[in-house]
Amino acid sequence: MVSKKMEKELNKQLNAEMYSGYLYLAMAAYFEDFDLSGFANWMRVQAQEELSHSMRFYDYVVRRGAKVTLEAIEKPDFEWNSPVEVFDHVLSHEKVVTDLINDLVNLAIEENDHATNNFLQWFVAEQIEEEESAAAALNKVKMANEASNGMFLVDSEFASRVFTSNTSE
Ligand code: FEO
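The structure contained in this document is the topic of the report that follows. Note that the coordinates shown come from a computational prediction; the quantities given were computed from them, not determined experimentally. (Residues numbered from 1 in each chain as written. Predicted model: local features only at pLDDT ≥ 70, side-chain atom pairs only at ≥ 80, totals over all residues. Heavy atoms only, no water.)

**A look at the packing of helix α2 (residues 37-63) against helix α5 (residues 150-158)**
Phase 1: Packing of α2 against α5 leaves a shortest axis separation of 7 Å and a crossing angle of 40°. Relative to α5, the element α2 lies oblique. You can see that α2 and α5 cross each other, and the crossing is left-handed. Here α2 contributes Ser-37, Gly-38, Phe-39, Asn-41 and Trp-42 to the contact with α5, which in turn contributes Met-151, Val-154, Asp-155 and Phe-158.
Phase 2: Residues belonging to the contact of α2 with α5 are distributed by class as follows: 5 nonpolar, 3 polar and 1 charged. (Axes fitted to C-alpha atoms, helices over the stretch in contact; angles between N-to-C directions. Helix = DSSP H or I, 4+ residues; strand = E, 2+ residues; numbered from the N terminus. Parallel < 35°, antiparallel > 145°, perpendicular 65-115°, else oblique. Left-handed = near helix turned anticlockwise from the far one by under 90°. Contact = heavy atoms within 4.5 Å. Nonpolar A, V, L, I, M, F, W, Y, C, P; charged D, E, K, R; others polar.)

Okay, here's the thing in structure tokens:
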């Protein structure tokens with residue numbers, strides 16, 4: 001069993017991962033408008049990853065005999081003015097998610113909840129990857145901005161991204 005407080009926080013993170021997916025889908029839609037289908041693909045894959053993260057929390061809550069509570073998903077209400085601004089937002093958002101995961105780990109340690117701490121370690125590793133991949137993508141987009149056919153080349157590269165579950169395992 002997990003504590004009531006932990007149950008609540010795990011459900012909050014389930015929701016936060018869903019929101020991340022929604023945010024990345026909004027970013028995908030931003031790129032669709034400019035026919036940058038490779039950029040849109042990168043964001044779609046990112047959104048799929050977030051849904052899989054959310055399902056990890058869902059499954060864990062169920063496995064611990066706790067109750068899944070689904071709250072409303074916040075509207076991603078943003079306007080971006082350039083691809084660089086979008087990827088800058090991806091990186092800052094992933095840093096926020098890392099903080100959320102760290103807070104959950106701190107709670108698990110506080111409660112001597114070793115099982116939940118162990119479950120969360122997958123996300124600790126995943127967040128290293130998430131921040132790394134967001135920073136690398138941001139750098140590419142920044143460089144592409146400065147070259148004449150740069151955006152076209154990065155769009156082609158982002159088009160090849162595919163969703164694979166359990167990327168940190
Ligand atoms: Fe689920 Fe991108 O962190």
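**Quick notes on the layout of surface pockets**
Phase 1: Size it by volume and the largest pocket reaches roughly 210 Å³.
Phase 2: Along the walls of the largest pocket sit Lys-5, Glu-9, Lys-12, Gln-13, Ala-16, Leu-100, Asp-103, Leu-104, Leu-107 and Glu-110, which together make up its complete lining.
Phase 3: For the lining of the largest pocket, the secondary structure elements donating two or more residues are α1 (4-33) and α3 (83-110).
Phase 4: A breakdown of the residues in the lining of the largest pocket according to their chemical character gives 4 nonpolar, 1 polar and 5 charged. (1 Å grid on protein atoms, 1.4 Å probe; cavity = no way out; pocket = protein on both sides within 12 Å on 5 of 7 lines; lining within 4 Å. Points joined across faces, edges and corners; volume = space filled by probe spheres on them.)

**What about the nonpolar core?**
Phase 1: Phe-31, Phe-39, Met-43 and Phe-87 are the most contacted members of the largest nonpolar core, which has 27 residues in total.
Phase 2: Mapped onto this core, the elements with two or more residues apiece are α1, α2, α3, α4 (114-146) and α5.
Phase 3: In contact with Phe-87, not counting residues within four places along its chain, are Phe-31, Phe-39, Trp-42, Met-43, Ala-137, Leu-138, Val-141 and Phe-158. (Core = buried A, V, L, I, M, F, W, Y, C linked by side-chain atoms within 4.5 Å. Buried < 20%, exposed > 50% of the residue type's maximum accessible area, 1.4 Å probe, protein only.)

**Regarding α1**
Phase 1: The terminal C-alpha atoms of α1, which comprises 30 residues, lie 44 Å apart, in line with the 44 Å expected from a rise of 1.5 Å per residue.
Phase 2: The positive-phi residue at the C-terminal boundary of α1 is Asp-35, with phi of around 55°. (Expected span 1.5 Å × (residues − 1).)

**Some remarks on a nonpolar patch on the surface**
Phase 1: Taken together, the side chains of Leu-51, Met-55, Tyr-58 and Val-62 make up a nonpolar region of the molecular surface, amounting to roughly 330 Å² of accessible area.
Phase 2: Relative to the helices and strands, Met-55 resides in helix α2.
Phase 3: Assessed through its relative accessible area of 34%, Met-55 is described here as partly exposed. (Patch = residues over 30% accessible without salt bridge, like charges linked within 9 Å, V, L, I, M, F, W, Y side chains within 5 Å. Areas by Shrake-Rupley, 256 points an atom, 1.4 Å probe, with all protein chains shown as cover. Salt bridge = Lys/Arg side-chain N within 4 Å of Asp/Glu carboxyl O.)

**Structural notes on the packing of aromatic side chains**
Each aromatic ring pair is characterised by the separation of its centres together with the angle its planes make.
Phase 1: The final tally for this structure, using the stated rule, is 16 aromatic pairs.
Phase 2: Consider the rings of Phe-57 and Phe-119, whose centres lie 5.3 Å apart with planes at 90°: the pair is edge-to-face. With Phe-57 in helix α2 and Phe-119 in helix α4, the pair connects residues that are 62 residues apart, well separated along the chain. Neither residue differs from the other here; Phe-57 and Phe-119 are each classed as buried.
Phase 3: Taken together, a centroid distance of 6.0 Å and an interplanar angle of 25° make the contact between Phe-78 and Trp-80 stacked. (Phe/Tyr/Trp six-rings, centres within 6.5 Å; stacked < 30°, edge-to-face > 60°.)

**Here we look at the environment of Ile-128**
Phase 1: Within the secondary structure layout, Ile-128 lies in helix α4.
Phase 2: Distance in space between the C-alpha atoms of Ile-128 and Thr-98 is 8.3 Å, their sequence separation being 30 residues.

**Some points on unusual backbone geometry**
Phase 1: Phi is positive for Asp-35, which is not a glycine, with a value near 55°.
Phase 2: The class for Asp-35 is exposed, based on a relative accessible area of 66%.
Phase 3: Residue Asn-112 is not a glycine yet carries a positive backbone phi of 55°.
Phase 4: Accessibility expressed as a relative area gives 57% for Asn-112, which makes it exposed.

**A look at the environment of Pro-76**
Phase 1: Topologically, Pro-76 is positioned in the loop between α2 and α3.
Phase 2: In this structure Pro-76 comes out as buried when scored by relative accessible area, which is 16%.
Phase 3: Separated by 51 residues in sequence, Pro-76 and Leu-25 place their C-alpha atoms 9.2 Å apart.
Phase 4: Ignoring sequence-local partners within four residues, the contact set of Pro-76 consists of Tyr-19, Tyr-22, Leu-23 and Ala-26.

Spatial relationships are all this shows, so hold off on functional conclusions.
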